[in-house]
Amino acid sequence: MTKSLENLAALRIETPPATLREIALDRMRRAIIGGLFEPGERLVERTLCDQLGVSRSVIREVIRHLEAEGLVEMLAKQGPIVATLNWDDARQIYEIRAALESTAVADCARVAGPQVKAKLRKAMNELERTSKQNSPVGVLDATTEFYKVVFEAGGNNIAWEIVSRLNSRISRLRVMTLSTPNRMASGPSQIREIFKAVEENNPDAAAAACRAHVGAAAAIAKTILS
C-alpha cells in the first residue's frame, strides 16, 4: 500500500486535547479573574478538589501555576490565597501596557494589509457584541485576540510574550474597570479608535488612541485601588 502525502498529513494532531490540569487551570484562572474567588480568600485544597472534581496533585500544580501568574500568593501558616490588587502593582502594569501596546499598534498600522485588517475587524465586532451583552469574559477574550493580531502583525513577538506573561493580571484589572459605570461601553469605543487608525494606516493616531485608552483604564483603577 502506497503512503501518500495526504494520508500522512492526516496523522497530524492540529489541536491536541486539553489535559485535566489545563482544564482545571483555565477554570480556576477565569474564576479568580471573574471575581468568583475574592482577593485575600483562602484556597483550600480539599474544597477545590471537590469543586473541580480533580485530585490534590492537579490542584497543587494549578496553584503553583497561578502563583507564577501573580493571581495567587502563598502565605506562611495559611497557604495559598487569592492575590490582592494594589495600585503600585497596577500602575506598573499600565505603564508597561502603554509602552508596549502603543508601539505595537503603531507598527501594525504601518504594515497592516487587507488580511490583518479583516482579522482585527472580526475581533472588534466580537468585542462590541460581547460588550453589548454585558459579558466581561467575552470582552476579555475578544480584546486579547485583537491585541494578539496587532502584536504579531507588527512583528512584536517578544513584546507579546511579555504581555502574555502579564495577561492574567491585565485581565483581572480589565474586569475590575469594566465593572464601573459606562466602562463596558467606553472601553470598546476607545479600542474602536485604535482600530480605525490601524485601518487608515496611521501609526501616530493609533499610538495616541492606544495611550488614551490605557490612560483612561489606569485612571479608573487608581480611583478604585488608591
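You'll find the structure just up there.
To start, this report covers the structure provided alongside it. (Residues numbered from 1 in each chain as written. Predicted model: local features only at pLDDT ≥ 70, side-chain atom pairs only at ≥ 80, totals over all residues. Heavy atoms only, no water.)

So, about the overall build of the chain. Looking only at helices and strands, the chain features 11 helices and two strands. Listed by position from the N terminus, the elements making up the chain come as α-α-α-α-β-β-α-α-α-α-α-α-α. By the burial criterion, 41% of the 226 residues in the chain qualify as buried. When contacts within the chain are restricted to residue pairs at least 6 apart in sequence, long-range pairs at least 24 apart make up 72% of them. Between the centroid of the 31 positive side chains of the chain and the centroid of its 27 negative side chains there is a distance of 1 Å. (Helix = DSSP H or I, 4+ residues; strand = E, 2+ residues; numbered from the N terminus. Buried < 20%, exposed > 50% of the residue type's maximum accessible area, 1.4 Å probe, protein only. Contact = heavy atoms within 4.5 Å. Lys, Arg positive; Asp, Glu negative; His and termini not counted. Charge placed at Lys NZ, Arg CZ, Asp CG, Glu CD.)

A surface patch of nonpolar side chains, amounting to about 260 Å² of accessible area, comprises Ile96, Ile158 and Ile162. For isoleucine 162, the position within the fold is in helix 8 (residues 157-165). (Patch = residues over 30% accessible without salt bridge, like charges linked within 9 Å, V, L, I, M, F, W, Y side chains within 5 Å. Areas by Shrake-Rupley, 256 points an atom, 1.4 Å probe, with all protein chains shown as cover. Salt bridge = Lys/Arg side-chain N within 4 Å of Asp/Glu carboxyl O.)

Turning to the environment of arginine 30, a few remarks are in order. Secondary-structure assignment places arginine 30 in helix 2 (residues 20-33). If sequence neighbours within four positions are ignored, arginine 30 has contacts with Val137 and Asp141.

Attention now goes to the side chain of serine 168. Tracing the backbone through its elements, the reader meets serine 168 in helix 9 (residues 167-178). Relative accessible area serves as the criterion here: at 5%, serine 168 is assigned to the buried category. With residues near it in sequence (within four places) discarded, serine 168 still touches Arg29, Ile33, Glu69 and Leu71.

Turning our attention to the packing of aromatic side chains. Scanning all chains against the criterion turns up two aromatic pairs. Taking 5.6 Å as the distance between ring centres and 90 degrees as the angle between the ring planes, the aromatic pair formed by phenylalanine 146 and tyrosine 147 counts as edge-to-face. Just as phenylalanine 146 is buried, tyrosine 147 falls in that class too. Summarising the aromatic geometry, the rings of phenylalanine 151 and tryptophan 160 are spaced 5.2 Å apart at their centres and angled 50 degrees between planes, so their arrangement reads as tilted. (Phe/Tyr/Trp six-rings, centres within 6.5 Å; stacked < 30°, edge-to-face > 60°.)

With that out of the way, let us pick up empty space enclosed by the protein. Counted by the stated rule, this structure contains two cavities of 30 Å³ or more. Its volume calculated, the largest cavity comes out at about 130 Å³. Mapped by element, the contributors of at least two residues to the lining of the largest cavity are helix 5 (87-111), helix 7 (136-153), helix 9, helix 10 (183-199) and helix 11 (203-225). Examining the composition of the lining of the largest cavity, we find that four residues originate from one element, helix 10, more than from any other. Partitioning the lining of the largest cavity into residue classes produces seven nonpolar, four polar and three charged. Taken as a whole, the second largest cavity holds about 50 Å³ of empty space. Taken together, Glu101, Thr143, Thr144, Tyr147, Trp160, Val163, Asn167, Ile170 and Arg174 make up the lining of the second largest cavity. Listed by contribution, the elements that provide at least two residues to the lining of the second largest cavity are helix 7, helix 8 and helix 9. The residue inventory of the lining of the second largest cavity, partitioned by class, reads four nonpolar, three polar and two charged. (1 Å grid on protein atoms, 1.4 Å probe; cavity = no way out; pocket = protein on both sides within 12 Å on 5 of 7 lines; lining within 4 Å. Points joined across faces, edges and corners; volume = space filled by probe spheres on them. Nonpolar A, V, L, I, M, F, W, Y, C, P; charged D, E, K, R; others polar.)

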